[in-house]
Amino acid sequence: MSTVRDKDGPAKYFGMTATEAERDGKGESHSQDGSKHGGKISSKGMELKRQVGLISAIAMIVGTMIGSGIFVSPKGVLRQTESVGMSLIVWMLCGVLSITGALCYAELGTVIPKSGGEYSYLLDTLGPIPAFLFSWISTIVIQPSGVSAVTLTFGAYVSQALFNTDGGDCDTPTITTKLFAAVAILLILFINCASVKWATSVQVVFTAAKVLALVIIIIVGVVKLCQGEVSNLTPPESFASSTNEPFAYGVAFYQGLWAYGGWNQLNYMTEELVNPYRNLPLAIMISIPLVTLLYLLVNISYFTVMTPAELLSSNAVAVTFANRTLGPMAWIIPFFVCCSTFGAANGSVFCAGRLAFVSAREGHTVKVLSMVHVRRYTPIPALLFQASIALLMIIPGDFDTLVNYLSFTAWTFFGLTMVSLLVLRYKRPDVHRPIKVPIVIPIIVLIASVYLVVTPVIDKPALEYLFAVLFILAGLVLYVPFVYFKLELPFMKHITVFCQMLMKVAPARYFKSPEIEAEKST
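Rules used in this analysis
Residues numbered from 1 in each chain as written. Predicted model: local features only at pLDDT ≥ 70, side-chain atom pairs only at ≥ 80, totals over all residues. Heavy atoms only, no water. Helix = DSSP H or I, 4+ residues; strand = E, 2+ residues; numbered from the N terminus. Contact = heavy atoms within 4.5 Å. Areas by Shrake-Rupley, 256 points an atom, 1.4 Å probe, with all protein chains shown as cover. Salt bridge = Lys/Arg side-chain N within 4 Å of Asp/Glu carboxyl O. Buried < 20%, exposed > 50% of the residue type's maximum accessible area, 1.4 Å probe, protein only. 1 Å grid on protein atoms, 1.4 Å probe; cavity = no way out; pocket = protein on both sides within 12 Å on 5 of 7 lines; lining within 4 Å. Points joined across faces, edges and corners; volume = space filled by probe spheres on them. Nonpolar A, V, L, I, M, F, W, Y, C, P; charged D, E, K, R; others polar. Axes fitted to C-alpha atoms, helices over the stretch in contact; angles between N-to-C directions. Parallel < 35°, antiparallel > 145°, perpendicular 65-115°, else oblique. Left-handed = near helix turned anticlockwise from the far one by under 90°. Phe/Tyr/Trp six-rings, centres within 6.5 Å; stacked < 30°, edge-to-face > 60°. Lys NZ or Arg CZ within 6 Å of the ring centre and 35° of its normal. Expected span 1.5 Å × (residues − 1). Arc of directions from axis to C-beta. Polar contact = N/O pair within 3.5 Å; in protein donor to acceptor, adjacent residues only side chain to side chain. pLDDT = per-residue confidence, 0-100.

A. Local environment of the overall build of the chain. Within the chain, the regular secondary structure consists of 21 helices and four strands. Counting only contacts in the chain whose residues sit at least 6 apart along the sequence, the fraction spanning at least 24 positions is 80%. In the form shown here, the chain has an accessible surface area of approximately 21,700 Å², with 67% of it arising from carbon and sulfur atoms.

B. Expanded view of the pattern of salt bridges. All chains considered together, the criterion is met by seven salt bridges. The salt bridge involving Arg-433 is made with Glu-107; its shortest N-O contact spans 3.1 Å. Of this pair, Arg-433 sits in the loop between helix H16 (400-427) and helix H17 (440-459) while Glu-107 sits in helix H5 (residues 84-111); the two residues are 326 residues apart in sequence, bridging distant segments of the chain. In this pair, the class of Arg-433 matches that of Glu-107, namely buried. The structure contains a network of salt bridges with shared partners spanning Glu-107, Arg-425 and Arg-433.

C. Representation of empty space enclosed by the protein. Across all of its chains, the model carries one cavity of 30 Å³ or more by this definition. As a volume, the largest cavity reaches approximately 40 Å³. Lining the largest cavity, in full, are Gln-143, Pro-144, Val-147, Ile-185, Val-349, Ala-352, Gln-386, Ala-387 and Ala-390. Contributing elements (two or more residues each) for the lining of the largest cavity: helix H7 (128-163), helix H14 (332-361) and helix H15 (380-394). Split by residue class, the lining of the largest cavity holds seven nonpolar, two polar and no charged.

D. Focus on helix H13 (residues 317-325). Burial in H13 covers these residues: Val-317, Ala-318, Val-319, Phe-321 and Ala-322. Against helix H3 (69-72), H7, helix H9 (196-226), helix H11 (276-305), helix H12 (308-313) and H14 lie the buried residues of H13.

E. Spatial organisation of the packing of helix H6 (residues 118-125) against H7. Where H6 meets H7, the axes come as close as 7 Å, and the angle between the chain directions of the two elements is 165 degrees. Compared by their axis directions, H6 and H7 come out roughly antiparallel. The chirality of how H6 crosses H7 is left-handed. Contacts from Glu-118, Tyr-119, Leu-122 and Leu-123 of H6 reach H7 at Pro-128, Pro-130, Ala-131, Phe-132, Phe-134 and Ser-135. Tallied by class, the residues present in the contact of H6 with H7 amount to eight nonpolar, one polar and one charged.

F. Here's a closer look at the packing of aromatic side chains. Scanning all chains against the criterion turns up 17 aromatic pairs. Both rings, one in Tyr-105 and one in Phe-414, keep their centres 6.3 Å apart while their planes meet at 75 degrees; by these two values the pair is edge-to-face. Highlighted residues: Tyr-105 in helix H5 and Phe-414 in helix H16, separated in sequence by 309 residues. Side by side, Tyr-105 and Phe-414 carry an identical accessibility label, which is buried. Among the aromatic residues, ring-to-ring pairing joins Tyr-105, Tyr-121, Trp-263, Trp-411 and Phe-414 into one connected group. Directly above the aromatic system of Phe-350 lies the positively charged group of Arg-354, at a separation of 3.7 Å from the ring centroid.

G. Region of interest: helix H20 (residues 492-503). For H20, built from 12 residues, the straight-helix expectation of 16 Å at 1.5 Å per residue is met to within 8% by its first-to-last C-alpha distance of 16 Å. Of the residues making up H20, those classed as buried are Met-492, Thr-496, Cys-499, Gln-500 and Met-503. Buried positions in H20, seen along its axis, are confined to an arc of 100 degrees and lie on one side of it. In this structure, H20 carries His-494, Phe-498 and Leu-502 as exposed residues pointing more than 90 degrees from its buried face. Packed against the buried residues of H20 are strand S3 (371-373), H15 and strand S4 (505-507). Lys-504 occupies a position one or two residues after H20 and carries a positive phi of about 55 degrees.

H. Structural view of the side chain of Asn-192. Examined against the element boundaries, Asn-192 turns out to sit in helix H8 (residues 174-194). Looking at Asn-192, the relative accessible area reads 1%, which means it is buried. A polar contact of 3.0 Å, which involves the side chain of Asn-192, links it to the side chain of Asn-346.

I. Just the environment of Ser-159, in detail. Mapped onto the fold, Ser-159 is located in helix H7. Of the residues examined, Ser-159 reaches a relative accessible area of 0% and is grouped as buried. Considered as a pair, Ser-159 and Ile-175 are 16 residues apart in the sequence and their alpha carbons are 9.8 Å apart. If we skip the residues at most four places from it in the chain, Ser-159 touches Thr-172, Thr-176, Thr-177 and Phe-180.

J. The packing of helix H2 (residues 54-65) against H9, seen in detail. Packing of H2 against H9 leaves a shortest axis separation of 8 Å and a crossing angle of 55 degrees. Between H2 and H9, the crossing angle belongs to the class labelled oblique. As for how H2 packs across H9, the hand of that crossing is left-handed. Residues Ile-55, Ser-56, Ala-59, Met-60, Val-62, Gly-63 and Thr-64 of H2 pack against Thr-200, Gln-203, Val-204, Thr-207, Lys-210 and Val-211 of H9.

K. Expanded view of the confidence of the model for the chain. Taken over all residues, the pLDDT of the chain has a mean of 86, while the share at 70 or more is 85%. Contacts from residues 1-13, a stretch scored under 50 in pLDDT, to residues over four places away or in other chains number 37 contacts.

L. Structural view of the environment of Leu-48. Here Leu-48 shows up in the loop between strand S2 (45-47) and H2. Separated by 224 residues in the primary sequence, Leu-48 and Glu-272 have C-alpha atoms spaced 6.2 Å apart.

M. Representation of the side chain of His-364. Residue position: His-364 is located in the loop between H14 and S3. Reaching out from His-364, the side chain makes a polar contact with the side chain of Tyr-119 at a distance of 2.7 Å. Every residue in contact with His-364, bar those within four places of it in the chain, is listed here: Tyr-119, Leu-123, Pro-128, Phe-132, Ser-359, Tyr-479 and Val-483.

N. Quick peek at unusual backbone geometry. The step from Pro-235 to Pro-236 runs through a cis peptide bond, and the omega angle for that step is 5 degrees. Relative to the elements of secondary structure, Pro-236 occurs in the loop between H9 and helix H10 (246-259). A positive phi is found at Glu-82, a non-glycine position, where the angle reads about 70 degrees. Mapping Glu-82 onto the fold places it in the loop between helix H4 (76-81) and H5. Positive phi outside glycine occurs at Lys-486, with the angle close to 55 degrees. Note on placement: Lys-486 falls in the loop between helix H19 (475-484) and H20. Classification of Lys-486 as exposed rests on a relative accessible area of 67%.

So this is what it looks like as structure tokens:
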């Protein structure tokens, strides 16, 4: 059949399932520009195009990890540890744990080179039920709520800039904050639907902006240190008030690791990485140590200007820092916070769409979500689905309780993913591994995951944790009829065909690229 540049080629796939497309598809594979690589309609159906290079991959990790937390409220760790010295140690150890976890994901991503992150690894090793429950809780709550939260911060800072041009401190209308958050989501959605290159370019630019902001804070901190502002950092005084409660340190780790969230994002887009066997582990090994170093140095810089009590009382720590040190240039920090939140939301939408896309491709959600645009190679239906939920979550604006009690499940699935790695080591000991971590590393991360799941429940038991578990298990109500028994509602095919024609999308399939096969043969 014709390539995707042919007038009737992609249209032939409208209304087909992915299986039908695979059975019917024939012909030479061509990309959007006519080259014989990248995304295409081939004998296996549509596939995603490999166009995310190393720089874009690094920006995706760094830009998603660094959101608003380090600028606005990096005080959860200090509140739990009750001392500057221990808070800095916890920040460093959170980075170390993130690095070890990410290295395990690098191994998994090169052994199972599929997009979808934890979903694909759980599906391949532990079966469809854990994978389905992960995609259920992630696509319905965790991913879109993260996008909503970070865009609401974006909206709040933009509103503050518009309503307080005279330097006042008046309250901004809530509706304005939500409006700007919604505009941000819609703009990000348009960029991600239009082009993968656009989305990754935006990510590179905004990541550079937020790193520049952190570097400015660090430079000011170094100047203050050289001026002798070390009263909050000198041991043993900096450790004098450290808490003796063991579970408080677990909650402190929990708070710190929340700021490191996003270290696993690159694994959601493995199929779009150029040379994933090289770029996936390399991007991880560059990005996460960089973020760890930045976080540690920024926290040290804060304590050269603010006492622990002042930091805990500040609603926007970086803004307070800037107001005390940057004088008339203090406005650049709120500007960079807007850049940081927009970039983090862009990365989150990009990766969330890939998770919804992959789970649909495996038959765990509606078929239309597994389709990609026939010329742009973007999973438009999946992106629309995730952005729509994020927009709905903006309306109430207060979903913190739900998210807080469901967030502990993230480390449940991180732990299960470490189990997946151990299962692969046992069942496939001879499989090609471009990167292989010492077996002790996934065991340590698994133990840490169990500790982080149990600690908040023991520290502050609440019935809401039970409700959160029941909400996760409620996914089985959908899994049994629609996945296990493959029940299909009669009107869904008509909706699927309509959506395909409207959005010009076609079924997508996964198959290993020639460069992966070549790497395995060497």
